[in-house]
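# Chain and residue survey
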Amino acid sequence: GQWQRALQLMEDMQPQGTPADTITYSAAISACEKGRQWQWALQLMEDVRGTGVAADTTTYNAAISACEKGSQWQRPLQLMEDM
């Protein structure tokens, strides 16, 4: 699926020395949301925090929507606390 391709592209960027930015993470999280992969979306949010990339409204919205599609209603509450 597209979410797998997005994750692969993110992984391929690292050895090339191309850092992921807010737009890259938001796009990958959105792809996970569309693929109903809420676990991967949350993992990417953890990566965002770990790398120091600034998450924006688009990033959070995609992650929250991914959780919603996965019936993970408690997870978005945690994300909103982190905002």
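This text goes with the structure placed above it.
Below is a summary of the structure that appears in this document. What you see is a predicted model; the values in this text were computed from it and never measured. (Residues numbered from 1 in each chain as written. Predicted model: local features only at pLDDT ≥ 70, side-chain atom pairs only at ≥ 80, totals over all residues. Heavy atoms only, no water.)

## Some points on the overall build of the chain
Along the chain, the regular secondary structure elements total 5 helices and 0 strands. If you list the helices and strands of the chain from N to C, you get α-α-α-α-α. The C-alpha atoms of the chain give 12 Å as radius of gyration, which agrees with the globular expectation for 83 residues (12 Å, within 12%). Counting only C-alpha atoms and orienting by the principal axes, one finds that the chain spans roughly 35 × 30 × 15 Å. Classification of the 83 residues of the chain by burial places 36% in the buried group. Taken as a whole, the chain presents about 5300 Å² of accessible surface, with 49% of it coming from carbon and sulfur. The chain carries 6 positive and 10 negative side-chain charges, and their two centres are separated by 8 Å. (Helix = DSSP H or I, 4+ residues; strand = E, 2+ residues; numbered from the N terminus. Rg over C-alpha atoms; globule rule 2.2 N^0.38 Å. Buried < 20%, exposed > 50% of the residue type's maximum accessible area, 1.4 Å probe, protein only. Areas by Shrake-Rupley, 256 points an atom, 1.4 Å probe, with all protein chains shown as cover. Lys, Arg positive; Asp, Glu negative; His and termini not counted. Charge placed at Lys NZ, Arg CZ, Asp CG, Glu CD.)

## What to know about the side chain of E33
Residue placement: E33 occurs in helix α2 (residues 22-34). For E33, a relative accessible area of 9% gives the class buried. Among the polar contacts made by the side chain of E33, one reaches the side chain of K69 at a distance of 2.6 Å. (Polar contact = N/O pair within 3.5 Å; in protein donor to acceptor, adjacent residues only side chain to side chain.)

## Observations regarding the nonpolar core
Counting 22 residues, the largest nonpolar core has Y25, I29, C32, L44, M45 and L79 as its most contacted members. Elements with a minimum of two residues in this core: α1 (2-13), α2, α3 (38-51) and α4 (57-69). For Y25, the contacting residues outside a window of four places in its chain are M10, A20, L44, D47, V48, T51 and V53. (Core = buried A, V, L, I, M, F, W, Y, C linked by side-chain atoms within 4.5 Å. Contact = heavy atoms within 4.5 Å.)

## Considerations on the layout of surface pockets
Roughly 290 Å³ of volume is contained in the largest pocket. Taken together, 15 residues line the largest pocket, and the ones lying closest to its centre are L7, M10, E11, Q14 and D47. Those elements giving two or more residues to the lining of the largest pocket turn out to be α1 and α3. Tallied by class, residues from the lining of the largest pocket come to 8 nonpolar, 5 polar and 2 charged. (1 Å grid on protein atoms, 1.4 Å probe; cavity = no way out; pocket = protein on both sides within 12 Å on 5 of 7 lines; lining within 4 Å. Points joined across faces, edges and corners; volume = space filled by probe spheres on them. Nonpolar A, V, L, I, M, F, W, Y, C, P; charged D, E, K, R; others polar.)

## So, the packing of α4 against helix α5 (residues 74-82)
Where α4 meets α5, the closest approach of the two axes is 9 Å, and the angle between their N-to-C directions is 165°. One way to sum up the angle between α4 and α5 is to call them roughly antiparallel. In this structure, the crossing between α4 and α5 has a hand that is right-handed. Contacts between α4 and α5 pair Y60, A63, I64 and C67 from the former with R75, P76, L79, M80 and D82 from the latter. Broken down by class, the residue content of the contact of α4 with α5 amounts to 7 nonpolar, no polar and 2 charged. (Axes fitted to C-alpha atoms, helices over the stretch in contact; angles between N-to-C directions. Parallel < 35°, antiparallel > 145°, perpendicular 65-115°, else oblique. Left-handed = near helix turned anticlockwise from the far one by under 90°.)

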